[in-house]
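Structure at a glance
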Amino acid sequence: MAKGDDNVQRKKNKVTRKKMSRKNDSATVSARIAAIIAAKKRRKSGKRSMCQGMCFSLPTPQDPYNERQGKADITKKKKKKKNKVKSRDKEDKKPSPMSIDGVEKMDGPSKFLMSNLNEIENSFRKDSTYSEQHDKFLFTSTWGIEFWKCFLSGKDIVETSGMSSTVEQIAWIVSTAADAIAKREKDEEEDESIGNSPFLLYLVPSQSKASQVRSVCKALKGIGIHTVSLHQGASLDHQISGLKSVEPEFIVATPERLLEIVNLKGVDISGVSLLVIDELGSLCSSGYLDAVKSIKQAISSKHQSIVFNDSFSATILPAVQGLLGRSINRVTVSDSVASQGSNIIQTVNVCSSEDKKLEKFAELLDSSSSKIIHIITKEESFGKIRALLKLKGISEVQKGRKPLAHLIDIEQLDTTVMRDFETVLLPDFFPSIEIYTQILTSMARESVHGVLQSFITKKEAKSYQAGPLVNVLENCGQNVPDPWKNLSVAMSD
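For clarity, every value in this text was computed on a predicted model and none was experimentally measured.

**A look at the overall build of the protein**
Looking only at helices and strands, the protein features 22 helices and 12 strands. Summarising the internal contacts of the protein: among those between residues at least 6 apart in sequence, 76% fall at separations of at least 24. With the model as given, the accessible surface of the protein reaches about 27700 Å², and the carbon-plus-sulfur share is 51%.

**Observations regarding the sheet that holds strand E9 (residues 372-377)**
Strands pair in a sheet through their backbones, by hydrogen bonds, and they do so in one of two ways: parallel or antiparallel. Taking strand neighbours across the sheet as the criterion, the 5 strands line up as E8-E12-E11-E9-E10 in an open arrangement whose pairing is parallel. Both edges of this open sheet fall to strand E8 (344-351) and strand E10 (404-409), since each of them pairs with a single strand only. Between one strand and the next, the sheet's axes are offset by a mean angle of 20°, whatever the strand orientation.

**Remarks on the confidence of the model for the protein**
Summary statistics for the protein give a mean pLDDT of 81 and a share of 77% for residues scoring 70 or more. Across residues 74-105 the pLDDT falls below 50, and counting only partners more than four positions away or on other chains, this stretch makes 28 contacts in the model. In the model, residues 489-493 has pLDDT below 50 throughout and makes 4 contacts with residues more than four positions away in sequence or in other chains.

**Structural notes on the side chain of Glu 159**
Position of Glu 159 relative to the elements: it lies in strand E1 (residues 156-159). We note that Glu 159 is buried and unpaired, the nearest opposite charge coming from Arg 330 at a distance of 9.9 Å. Side chain to side chain, Glu 159 and Trp 143 meet in a polar contact 3.1 Å long. Polar side-chain contacts of Glu 159 include one of 2.8 Å to the backbone nitrogen of Ser 161. In contact with Glu 159, not counting residues within four places along its chain, are Trp 143, Gln 169, Val 307, Phe 308, Asn 309, Val 331, Thr 332 and Val 333.

**What about the environment of Ser 229?**
On the secondary structure map, Ser 229 appears in strand E3 (residues 227-230). When its relative accessible area of 15% is taken as the criterion, Ser 229 is described as buried. Counting along the chain gives 22 residues from Ser 229 to Ile 251, while the straight-line C-alpha distance between them is 6.0 Å. For Ser 229, the residues in contact, after removing those within four places along its chain, are Ala 210, Arg 214, Gln 239 and Val 252. Polar side-chain contacts of Ser 229 include one of 3.5 Å to the side chain of His 231.

**As for empty space enclosed by the protein**
Scanning the model with the defined rule gives 2 cavities of 30 Å³ or more in all. One number sums up the size of the largest cavity: a volume of about 90 Å³. In terms of lining residues, the largest cavity is bounded by 14 residues, among which Phe 312, Ser 313, Ala 314, Ser 342 and Asn 343 are the most central. Residue composition of the lining of the largest cavity, by class: 7 nonpolar, 7 polar and no charged. Its volume calculated, the second largest cavity comes out at about 30 Å³. Contributing to the lining of the second largest cavity are Glu 354, Lys 357, Leu 358, Phe 361, Lys 384, Pro 427 and Asp 428. A per-element tally of the lining of the second largest cavity places helix H17 (residues 354-367) first, with 4 residues. Counted by class, the lining of the second largest cavity contains 3 nonpolar, no polar and 4 charged residues.

**Section: the packing of aromatic side chains**
What the rule picks out here adds up to 5 aromatic pairs. Taking 5.3 Å as the distance between ring centres and 5° as the angle between the ring planes, the aromatic pair formed by Trp 143 and Phe 147 counts as stacked. Of the two residues, Trp 143 and Phe 147 are both situated in helix H7 (residues 142-153); the distance of 4 residues between them amounts to about one turn of the helix. Pair check on accessibility: Trp 143 and Phe 147 agree, each one buried. By way of ring pairs, the aromatic residues Trp 143, Phe 147, Phe 151 and Phe 308 are connected into one cluster.

**Quick word on the pattern of salt bridges**
Counted by the stated rule, this structure contains 11 salt bridges. Two residues, Lys 183 and Asp 179, come together in a salt bridge whose shortest N-O distance is 3.4 Å. Separated by 4 residues within a single helix, Lys 183 and Asp 179 lie in helix H8 (residues 167-184), roughly one turn from each other. The residues Lys 183 and Asp 179 share a single accessibility class, namely buried.

**Some details on the environment of Ser 206**
With respect to the element layout, Ser 206 can be found in the loop between strand E2 (200-203) and helix H10 (207-217). With a relative accessible area of 26%, Ser 206 lands in the partly exposed category. Spatially, the C-alpha atoms of Ser 206 and Thr 254 are 6.3 Å apart, while their sequence positions differ by 48 residues. Side-chain polar atoms of Ser 206 contact the side chain of Ser 208, separated by 3.1 Å.

Each value, and the rule that gives it
Residues numbered from 1 in each chain as written. Predicted model: local features only at pLDDT ≥ 70, side-chain atom pairs only at ≥ 80, totals over all residues. Heavy atoms only, no water. Helix = DSSP H or I, 4+ residues; strand = E, 2+ residues; numbered from the N terminus. Contact = heavy atoms within 4.5 Å. Areas by Shrake-Rupley, 256 points an atom, 1.4 Å probe, with all protein chains shown as cover. Pairing = 2+ DSSP bridges. Axes fitted to C-alpha atoms, helices over the stretch in contact; angles between N-to-C directions. pLDDT = per-residue confidence, 0-100. Buried < 20%, exposed > 50% of the residue type's maximum accessible area, 1.4 Å probe, protein only. Lys, Arg positive; Asp, Glu negative; His and termini not counted. Salt bridge = Lys/Arg side-chain N within 4 Å of Asp/Glu carboxyl O. Polar contact = N/O pair within 3.5 Å; in protein donor to acceptor, adjacent residues only side chain to side chain. 1 Å grid on protein atoms, 1.4 Å probe; cavity = no way out; pocket = protein on both sides within 12 Å on 5 of 7 lines; lining within 4 Å. Points joined across faces, edges and corners; volume = space filled by probe spheres on them. Nonpolar A, V, L, I, M, F, W, Y, C, P; charged D, E, K, R; others polar. Phe/Tyr/Trp six-rings, centres within 6.5 Å; stacked < 30°, edge-to-face > 60°.

Encoded structure:
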């Protein structure tokens, strides 16, 4: 073989060896076969390409279209961390005394509450009469801020201005209620227990008042708050069908019509969270008090009550006491003595002699239902009072079920500490009208069961200026004893 032929043969052999070696290499096969080989290698190593995720993963509720293709959900892990922080906060956080139905104590009203007020204000400022009468913004209302604080406390509220609710007060009530609904819905556990009952039930004495309240609530329809007005003058079937189709968050109603619909099972009010009773005096004078009590009894859930009492008459006080809890908050825009002394029974006992006065005082000690009786008198009278207390089995130290007596020297009286004083007795009625009004406007600030009893003899009454006290009693709707009326008239003549 020639030398040149050897070179040619070696080259051919080299090419043949290369071809033989390529047969064992996946790169020399077709693309389909190469892909199969590569997939087999990845399966053995535990790795898969993105396109193969569909073959080895199934759709889940979190990824119904399998878009993640078996990949780990990074966002889900973040949510888990957030949930852990939330649960830890729940364990560490102690229940706040200023909270109701998931509404926690804050430094000020929320932005959502403020936006609700702005919506109401904008809707009413389109009316020229409203813009002329109201030159200040709703969110600057002193009454509104005080009401909001009282609402967060969870206690019942009584408005003692002696008037029905104003547009400003209605706006704050419905805006606060809408804010509470929004915050409660964030809690899934509470959301399940809400049911179909409205959140706010607003009782009014007339159709005109119902229209006023509903006109304020109408501005909140844009945020999903629906309001239904129930009163006489509209078809009963129409109102029932409207309740079933809308399922409102707020209901404004007269007691008689609402009770009629409740008896027909047209609406469920057992889960109401906020009950507002407007113009209680008018409701009582119209004969609706029993209906109001029946409506309140139909509410089985824990709820707050707000009462606007448009009367200072002492005859309305038993109704107020029956509708509100033992501990309440007072809200008022008035600084008058009648407003500050509202819901306190004042009695002036005019006795014929000193012995009769002590006898009357002893009878009151026996009939008192208060746990603590605060007795304000001169220090030199302490011995006489203590002897009477001992005779009645009443001690200055708590013993058994007997009430506790607390003697206070009139010369060292501090009215700033009288906030919790429910029962105050003045066995020797000698204070000036200024001291009397200070006692009246300082006691029983968180109760509607306040009692202020005064004792005086006819001889002492002759030297006392009865006119100012008679005016206080009359302005507060209290009974004025005939001797005081006659004495006041005689002095004025």
